[in-house]
Amino acid sequence: MKFSLPFFSRGKSMSEYQGKTYQDAVLKAQQDLNKPQAELTITVVDPGRRGLFGLGARPVKIEAVVKKVVEPATPTLSSSPEEAPDGQLSPAEIAARHEQNLHRMSAAATKLVDYLEQAYRALGVDVSATVQSSGAKDVTIELNAPTPGRVIGYHGRRINAFEVLSVAFLNYQGVKDAQVTLDSEGYRAKRAQTITRIGERAVTDVIASGQAVFLDPMPARERKLLHKQLEDNPNVKTYSQGREPFRSVVIAPK
């Protein structure tokens, strides 16, 4: 099955190039055609596959051809609706780039689902992963298994670790600064309720003792929830300390 980048049409005289990554393949095309990437029309023939621990890996395949030079139109006094002042992107260009980002995330999320299923199965957990929603920079994936506890891990440590791996995986696929949410059997909603109760108990302890309470390390999503929960509390203040993945919330008296 072929995946084509939007906004490009395939020509008849394209040459095919392969590489371990998309950029490797593009670099080979640049060297062979002696042109920078901006002057090439590139079509992804096969997005490739990393495989699990190198097994089942497949190179990225692209086709590339030098773009045709289009003579600039004669300037007129009236500006086109596609133009934007001060070098800003036009609405059409913004929409086009957003559509390209959506396409990139959709293709990367499909490969991420395959990666998660293989990685969990390597740990002896039979998981079925499904994309629940995706945007240009975010994706939510549901992990279903006969034993949800083994998917989630103690206090969510396993599913949180897989979220970190998923962000790295998408970054490798060209989706930068992605936000990944992995969920299983409503775990995220239940965990949010637990975090709320932890915050309430900590506030009680801080008021009673007058001393700060240092909570266990937790992922950024949960720390943000606590900060939001207590930001208007007149008796306490919150801040985070430590480095990832051991960063935690401190609740202290004002």
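Look up a bit, the structure's there.
### Observations concerning the overall build of the chain
Along the chain, the regular secondary structure elements total six helices and nine strands. Evaluated residue by residue, the chain yields a buried proportion of 33% over its 254 residues. Restricting to contacts in the chain with at least 6 residues of sequence separation, those with at least 24 account for 58%.

### Some words on the pairing of strand 2 (residues 40-46)
A large share of strand 2 lies buried, amounting to seven of its seven residues. Strand direction decides the pairing type here: strand 2 and strand 3 (residues 60-66), joined by six bridges, are antiparallel. The residue bridging I42 from the neighbouring strand is A64, located in strand 3.

### Points about helix 1 (residues 22-33)
Along its 12 residues, helix 1 runs 17 Å from first to last C-alpha, staying within 8% of the 16 Å computed at 1.5 Å per residue. Those residues of helix 1 lying buried are A25, V26 and A29. Along helix 1, the residues classed as buried sweep out an arc of 100° about the axis, all on the same side. On its buried face, helix 1 sits against strand 1 (15-19), strand 2 and strand 3.

### What to know about the nonpolar core
If you look at the biggest cluster of nonpolar residues, it comprises 26 residues, and the most contacted ones within it are Y120, I141, L143, L170 and L182. Those elements that place two or more of their residues in this core are helix 2 (91-122), strand 5 (138-144), helix 3 (148-152), helix 4 (157-172) and strand 6 (179-183). Per element, the largest residue contribution to this core is eight residues, and it comes from helix 2. In this structure, L143 is in contact with L116, Y120, V127, S128, A129, V151, I159, L182, D183 and S184, ignoring residues within four places of it in sequence.

### A few points about the pairing of strand 9 (residues 248-253)
As a general feature of sheets, a regular strand has side chains that alternate between the two faces. Burial analysis of strand 9 places five of its six residues in the buried class, the great majority of the element. As judged from the two bridges shared by strand 7 (residues 213-214) and strand 9, these two strands associate in the antiparallel manner. Across the sheet, residue F214 finds its bridge partner in strand 9, namely V250. Pairing between strand 8 (residues 236-241) and strand 9: six bridges, direction antiparallel. What sits directly across from Q241, in strand 9, is S248.

### Examining the sheet that holds strand 1
Here we have three strands laid out as an open sheet, ordered 1-3-2, and antiparallel in their pairing. The open sheet has two edge strands, strand 1 and strand 2, and neither has a second partner. Averaged over neighbouring strand pairs, the angle between their axes works out to 30° when direction is ignored. Direction of pairing for strand 1 relative to strand 3: antiparallel, over a ladder of five bridges. Counterpart to E16 in the pairing with strand 3 is E63.

### Topic: the environment of Q229
Mapped onto the secondary structure, Q229 falls in helix 6 (residues 220-230). Linking Q229 and I195, residues 34 residues apart in sequence, is a C-alpha distance of 9.6 Å. Leaving out residues up to four positions away in the same chain, Q229 has contacts with I195, T196, G199 and E200.

### Observations regarding helix 5 (residues 187-209)
When the terminal C-alpha atoms of helix 5 are compared, their 33 Å separation across 23 residues agrees well with the 33 Å that a helix rising 1.5 Å per residue should span. All buried positions along helix 5 are accounted for by Y187, R188, R191, I195, G199, A202, V203 and V206. At the exit of helix 5 stands G210, carrying a positive phi of roughly 75°.

Reading the values: rules and limits
- Residues numbered from 1 in each chain as written.
- Predicted model: local features only at pLDDT ≥ 70, side-chain atom pairs only at ≥ 80, totals over all residues.
- Heavy atoms only, no water.
- Helix = DSSP H or I, 4+ residues; strand = E, 2+ residues; numbered from the N terminus.
- Buried < 20%, exposed > 50% of the residue type's maximum accessible area, 1.4 Å probe, protein only.
- Contact = heavy atoms within 4.5 Å.
- Pairing = 2+ DSSP bridges.
- Expected span 1.5 Å × (residues − 1).
- Arc of directions from axis to C-beta.
- Core = buried A, V, L, I, M, F, W, Y, C linked by side-chain atoms within 4.5 Å.
- Axes fitted to C-alpha atoms, helices over the stretch in contact; angles between N-to-C directions.

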